[in-house]
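Structural description and commentary
Spelled out, the chains give:
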Amino acid sequence: MGAARILVAKPGLDGHDRGAKIVARTLRDAGFEVVFTGIRQRVDDIVAIAVQEDVAVVGLSILSGAHLALSRRVIEGLRAAGAEDIAVVVGGTIPPADVARLTAAGAAAVFPTGTALDTIVAEVRALTAVTAP
């Protein structure tokens, strides 16, 4: 079995991608197969890429303040596409009060700015772990 595939995406109009690139590179170096969308991606395109690339996790990097709306739309889009088995994690400028709201909306994990890279790798490993039947 190959490495788990992870999509790192930058939804919306946010043009800053340094953090997303660091996370993508860190996940790649940890043994994941990473697909990076680049900046300013439409939610529908992120969902389509996730399904087409058969990823296990979509990592959304959002610094614009639109994390609640954009995350919900991606999660709903994956469900509508029959891909509810794809976990969605959200990172970026996330106020502490919004972490529980993102989790309630269906995010599998939330990584506010400053989260240690080792923590992100460990959480993504846990989300992609294959359990024996």
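The structure this text deals with has already been given above.
Description of the structure in this document. (Residues numbered from 1 in each chain as written. Predicted model: local features only at pLDDT ≥ 70, side-chain atom pairs only at ≥ 80, totals over all residues. Heavy atoms only, no water.)

Looking now at the pattern of salt bridges. One pass over the structure, following the stated rule, counts eight salt bridges. Of the charged contacts, one joins E53 and R5 as a salt bridge, the two residues approaching to 2.2 Å between their closest N and O atoms. Linking E53 in the loop between α2 (43-52) and β3 (57-62) with R5 in strand β1 (residues 5-9), this pair joins segments that are 48 residues apart in sequence. Take E53: its relative accessible area is 27%, and that puts it in the partly exposed class. Between D29 and R28 there is a salt bridge, with the nearest N and O atoms lying 2.8 Å from each other. With a relative accessible area of 56%, D29 lands in the exposed category. For R28, a relative accessible area of 47% gives the class partly exposed. In the salt-bridge network here, residues are joined through shared partners; they are R5, E33 and E53. (Salt bridge = Lys/Arg side-chain N within 4 Å of Asp/Glu carboxyl O. Helix = DSSP H or I, 4+ residues; strand = E, 2+ residues; numbered from the N terminus. Buried < 20%, exposed > 50% of the residue type's maximum accessible area, 1.4 Å probe, protein only.)

Before going further, it helps to spend a moment on the side chain of K10. Mapping K10 onto the fold places it in the loop between β1 and α1 (18-29). What makes K10 buried here is its relative accessible area of 0%.

For the rest of this paragraph, the subject is the nonpolar core. L7, V58, L60, L78, V88 and V90 are the most contacted members of the largest nonpolar core, which has 24 residues in total. Ranked by residues supplied to this core, first place goes to helix α3 (residues 67-80) with five residues. Formed by 14 residues, the second largest nonpolar core is a distinct cluster that contains I6, A109, V121 and V124. (Core = buried A, V, L, I, M, F, W, Y, C linked by side-chain atoms within 4.5 Å.)

Quick look at the sheet that holds strand β5 (residues 109-112) now. Backbone hydrogen bonds are what pair the strands of a sheet, in a parallel or an antiparallel way. The strand order across the open sheet built from five strands is β2-β1-β3-β4-β5, with neighbouring strands paired in parallel fashion. Two strands bound the open sheet, and with one partner strand each, they are β2 (33-36) and β5. Strand-to-strand twist across the sheet, computed as the mean angle between neighbouring axes with direction ignored, equals 20°. When β3 meets strand β4 (residues 87-92), the two strands line up parallel, connected through six bridges. Paired with S61 across the two strands is G91, which belongs to β4. Of the strands in this sheet, β1, β2 and β3 are in contact with α1, which crosses β2 at around 160°. (Pairing = 2+ DSSP bridges. Axes fitted to C-alpha atoms, helices over the stretch in contact; angles between N-to-C directions. Contact = heavy atoms within 4.5 Å.)

Shape is all these values report; function is a separate question.
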